[in-house]
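# Observations on the model geometry
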Amino acid sequence: MKKYILILGVAGVALGSYCAYAANSATMTVTATIAHEVNIRNISNIDIGTITIDPSESSGSVLEDNCAWNRIGGEGNGIKSISGSPCGYFTADFSGDYLCGEAFSVTPEYVTWNNMSFNFGVLDTDTSGRCRVWTELVYSGSLPAQDTYNGSLTIEYQL
């Protein structure tokens with residue numbers, strides 16, 4: 001008889017504990033900050049050089065194409081020659097399978113100066129983290145004056 005009561009007593013305690021446990025609940029909030037360490041190095045500046053403009057033309061534009069100027073001269077294009085390059089480079093280690101143009105941005109993206117617009121962007125050059133910053137130039141309506149422009153770009157990791 002004692003064995004029967006003992007077994008029944010254990011079963012009752014176990015069942016009671018289970019019911020009390022099932023009635024309890026809690027909510028936990030989890031926060032995390034992800035940081036990316038990106039080292040930008042081996043920066044080479046953009047040296048556009050001298051831009052020669054035909055004063056008889058009221059507009060001109062050149063585009064970057066594989067780090068060379070595209071559309072220099074030609075009928076109706078006032079930009080006749082440029083002595084330098086539209087590109088600069090930097091190297092960076094960054095996470096993921098992203099391309100330089102997806103992972104980095106330049107600020108400002110464009111500058112208007114002396115009736116001329118400079119447009120800037122980032123492209124890839126190879127898979128070793130070497131990134132290319134490009135420039136395109138446009139002027140329209142008014143001939144730029146003879147002058148020298150010196151500016152700077154900020155390269156930012158945007159992912």
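To be clear, the structure that these remarks concern was listed above.
This write-up is about the structure you can find in this document. Keep in mind that this is a model prediction, so the values were computed, not measured.

Once that is clear, we can look at the nonpolar core. Counting 22 residues, the largest nonpolar core has Phe94, Phe104, Val122 and Leu137 as the members making the most contacts within it. When contributions to this core are tallied by element, the ones reaching two or more residues are strand S5 (79–82), strand S6 (87–93), helix H2 (100–103), strand S7 (104–107), strand S9 (116–124) and strand S10 (130–140). Apart from the residues lying within four places of it in its own chain, the contact partners of Leu137 are Ile48, Ile51, Gly60, Ser61, Val62, Trp69, Ile79, Ile82, Ser117 and Phe118.

What follows is about the packing of aromatic side chains. Tallied over the entire structure, the rule returns 6 aromatic pairs. With centroids separated by 6.4 Å and ring planes inclined at 15°, the aromatic side chains of Phe118 and Phe120 adopt a geometry described as stacked. Of the residues examined, Phe118 reaches a relative accessible area of 4% and is grouped as buried. Note on Phe120: relative accessible area 11%, which makes it buried. Three or more aromatic residues joined by ring pairs form one cluster here, namely Trp113, Phe118, Phe120 and Tyr149. Above the plane of the ring of Tyr89 lies Arg130, whose end atom (NZ or CZ) is 3.9 Å from the centre.

With that settled, consider the pattern of salt bridges. Summed over all chains, the structure comprises 2 salt bridges. With a closest N to O distance of 3.4 Å, Arg41 and Asp93 form a salt bridge. Of this pair, Arg41 sits in strand S1 (residues 39–44) while Asp93 sits in strand S6, and the two are 52 residues apart along the sequence. On the accessibility criterion, Asp93 (43% relative accessible area) is partly exposed.

This part takes up the side chain of Arg132. With respect to the helices, strands and loops of the structure, Arg132 is situated in strand S10. Given the relative accessible area of 9%, Arg132 is considered buried. Here the side chain of Arg132 touches Glu64 through a polar contact of 2.7 Å, side chain to side chain.

Calculation notes
Residues numbered from 1 in each chain as written. Predicted model: local features only at pLDDT ≥ 70, side-chain atom pairs only at ≥ 80, totals over all residues. Heavy atoms only, no water. Core = buried A, V, L, I, M, F, W, Y, C linked by side-chain atoms within 4.5 Å. Buried < 20%, exposed > 50% of the residue type's maximum accessible area, 1.4 Å probe, protein only. Helix = DSSP H or I, 4+ residues; strand = E, 2+ residues; numbered from the N terminus. Contact = heavy atoms within 4.5 Å. Phe/Tyr/Trp six-rings, centres within 6.5 Å; stacked < 30°, edge-to-face > 60°. Lys NZ or Arg CZ within 6 Å of the ring centre and 35° of its normal. Salt bridge = Lys/Arg side-chain N within 4 Å of Asp/Glu carboxyl O. Polar contact = N/O pair within 3.5 Å; in protein donor to acceptor, adjacent residues only side chain to side chain.

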